Amino acid sequence: MSKKFLFKGAATAVVTPFTDSGEVNYKELTRILEFQINEGIDAIVLCGTTGEAPTLSDTEHQRMISHAAEVINKRVPLICGTGSNDTAHAVMMSKSAVANGADGLLLVTPYYNRANSKGLIKSFSSIADSADIPMIIYNVPSRTTVDIPIEVYRALSSHPNIVGIKEAGGSIGKFARLVYEMGDKYYVYTGNDDNLISTLAVGGMGVISVTSNIIPGYLHEICDNWFKKEYDTAYRMHIKLCELNSLLFSDINPIPVKAAMRMLGYNCGAPRLPLVEMSDEGQRLLKNELKRLNII
């Protein structure tokens, strides 16, 4: 494939840490980024769903990207969420992300407006025309209520800046079809941790992960073992995470993973409203599973 490569393996959709007063905690963000890189993660995704991007102001969004780019210093690719239900706003944020040091962009499907296929094609093309940087289209119908049709991916496949797809719709059949039909035009990733092995088995390039906030090295190793054709090892590692993956999505993401990060000693703060803390019972179950896996 001639398109620019961003990463292969596991990328972490990092949480956004907040102080007790609700501001972005840049000191803790630095600590989280260093942990990820030291553990061998393959890429960082900032200001995505897990990073509570809808609650970040433009100023916070831009400063976070600049801060992360300085901390990471090209040690791993920095991919930044800049999608929006307002295409003009997405264009502005995309240009800003490039200026602030992003290596790639993650473009969520326009939400609430519910664009049809023609609108999706025009919107994604407008953003991709605005900034000369690799971009990954992010399909997450549980959040946006729009499931990107195959025909849209097909129409956008010739754009040189649209290099990847993050499929978080949960359908392995659709994922396999994307890889089969357009695997020579896109790098295809899953956004569902529980689908990782299925994703790799049908030819996917890896995962943009929530679970790797907690165990980045482990997720990297699963992918690395698979790509080295050590399939049984990768499978057995993945199966051990079934309950953890389930618990991390037992409430709205990133509520559980922020609770888990605090259990690991990271001062992530509470999610911003309208999200609230995980229930006491949920936290109890999550803590027990982290202990069972010797993570804490």
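The shown structure was predicted, so the numbers you read here are calculated from the model rather than taken from an experiment.

Peer 1: An account of the pattern of salt bridges is needed here, citing residue identities and associated values.
Peer 2: Per the stated rule, a full pass over the model turns up 15 salt bridges. Between Glu60 and Arg272 there is a salt bridge whose closest N-O contact spans 2.7 Å. With Glu60 in helix H2 (residues 58-72) and Arg272 in the loop between helix H12 (255-263) and helix H13 (280-292), this residue pair connects regions lying 212 residues apart in the sequence. Considered together, Glu60 and Arg272 belong to a single accessibility category, that of buried residues. Taking the shortest distance from any N to any O, the salt bridge between Asp103 and Lys74 comes out at 2.5 Å. With Asp103 in the loop between helix H3 (87-99) and strand S4 (104-108) and Lys74 in the loop between H2 and strand S3 (78-81), this pair connects stretches of sequence that are 29 residues apart. The exposure class of Lys74 is exposed, given its relative accessible area of 58%. Here the salt bridges do not stand alone but share partners, grouping Asp147, Glu167 and Lys174 into one network.

Peer 1: Explain the side chain of Thr16 to me, using residue names and the numbers behind them.
Peer 2: If you trace the backbone, Thr16 turns up in the loop between strand S1 (9-13) and helix H1 (26-38). With a relative accessible area of 1%, Thr16 lands in the buried category. Here the side chain of Thr16 touches Gly51 through a polar contact of 2.6 Å, landing on its backbone oxygen. Residues within four places of Thr16 in sequence aside, it is in contact with Val24, Thr50, Gly51, Glu52, Leu56, Met64, Lys258 and Cys268.

Peer 1: Describe the packing of helix H9 (residues 216-227) against helix H10 (residues 231-239), with residues and values.
Peer 2: Where H9 meets H10, the closest approach of the two axes is 7 Å, and the angle between their N-to-C directions is 150°. Judged by the inter-axis angle, H9 sits roughly antiparallel to H10. The chirality of how H9 crosses H10 is left-handed. Between H9 and H10, the residues in contact are Tyr218, Glu221, Ile222, Asn225 and Trp226 and Tyr231, Thr233, Ala234, Met237 and His238, respectively. Grouping the amino acids of the contact of H9 with H10 by side-chain chemistry returns six nonpolar, three polar and one charged.

Peer 1: Lay out the environment of Lys291 with the relevant residues and their values.
Peer 2: Along the chain, the position of Lys291 falls in helix H13. On the basis of relative accessibility, which here comes to 47%, the residue Lys291 falls in the partly exposed class. Separated by 229 residues in the primary sequence, Lys291 and Gln62 have C-alpha atoms spaced 37 Å apart.

Peer 1: An account of the state of the cysteines is needed here, citing residue identities and associated values.
Peer 2: In the structure shown here, the tally under the stated rule is zero disulfides. Note on Cys242: no disulfide assigned, nearest cysteine sulfur contributed by Cys223 at a separation of 15 Å. Classification of Cys242 by relative accessible area gives partly exposed; the value is 43%.

Peer 1: Which residues make up the environment of His238, and what are the values?
Peer 2: Residue position: His238 is located in helix H10. Residues His238 and Gly81, 157 residues apart in the sequence, show an inter-C-alpha distance of 27 Å. Discounting residues that sit within four places of it in the chain, His238 has contacts with Asp193, Asp194, Leu196, Ile197, Ile222 and Asn245.

Peer 1: Any chance you could break down the packing of aromatic side chains for me, citing the residues and the numbers?
Peer 2: Counted according to the given criterion, the structure contains five aromatic pairs. Residues Phe7 and Tyr189 carry aromatic rings whose centres are separated by 4.3 Å and whose planes lie at 15° to one another, so their mutual orientation is stacked. Remark: Tyr189 occurs in strand S7 (residues 187-190) and Phe7 occurs in the segment before S1; sequence separation between them is 182 residues. We classify Phe7 as buried; its relative accessible area is 2%. Tyr189 gets classed as buried once you look at its relative accessible area, which sits at 1%. Taken together, a centroid distance of 6.2 Å and an interplanar angle of 75° make the contact between Tyr153 and Tyr186 edge-to-face. Placement of the pair is Tyr153 in helix H6 (residues 150-156) and Tyr186 in the loop between helix H7 (172-182) and S7, with a sequence separation of 33 residues. Assigned by exposure class, Tyr153 and Tyr186 land together as buried. Lying over the aromatic face of Phe227, Lys8 brings its terminal NZ or CZ to 4.3 Å of the ring centre. Above the ring of Tyr266, the side-chain terminus of Arg31 is found at 4.3 Å from the ring centroid.

Analysis parameters
Residues numbered from 1 in each chain as written. Predicted model: local features only at pLDDT ≥ 70, side-chain atom pairs only at ≥ 80, totals over all residues. Heavy atoms only, no water. Salt bridge = Lys/Arg side-chain N within 4 Å of Asp/Glu carboxyl O. Helix = DSSP H or I, 4+ residues; strand = E, 2+ residues; numbered from the N terminus. Buried < 20%, exposed > 50% of the residue type's maximum accessible area, 1.4 Å probe, protein only. Polar contact = N/O pair within 3.5 Å; in protein donor to acceptor, adjacent residues only side chain to side chain. Contact = heavy atoms within 4.5 Å. Axes fitted to C-alpha atoms, helices over the stretch in contact; angles between N-to-C directions. Parallel < 35°, antiparallel > 145°, perpendicular 65-115°, else oblique. Left-handed = near helix turned anticlockwise from the far one by under 90°. Nonpolar A, V, L, I, M, F, W, Y, C, P; charged D, E, K, R; others polar. Disulfide = S-S within 2.5 Å. Phe/Tyr/Trp six-rings, centres within 6.5 Å; stacked < 30°, edge-to-face > 60°. Lys NZ or Arg CZ within 6 Å of the ring centre and 35° of its normal.

Shape is all these values report; function is a separate question.
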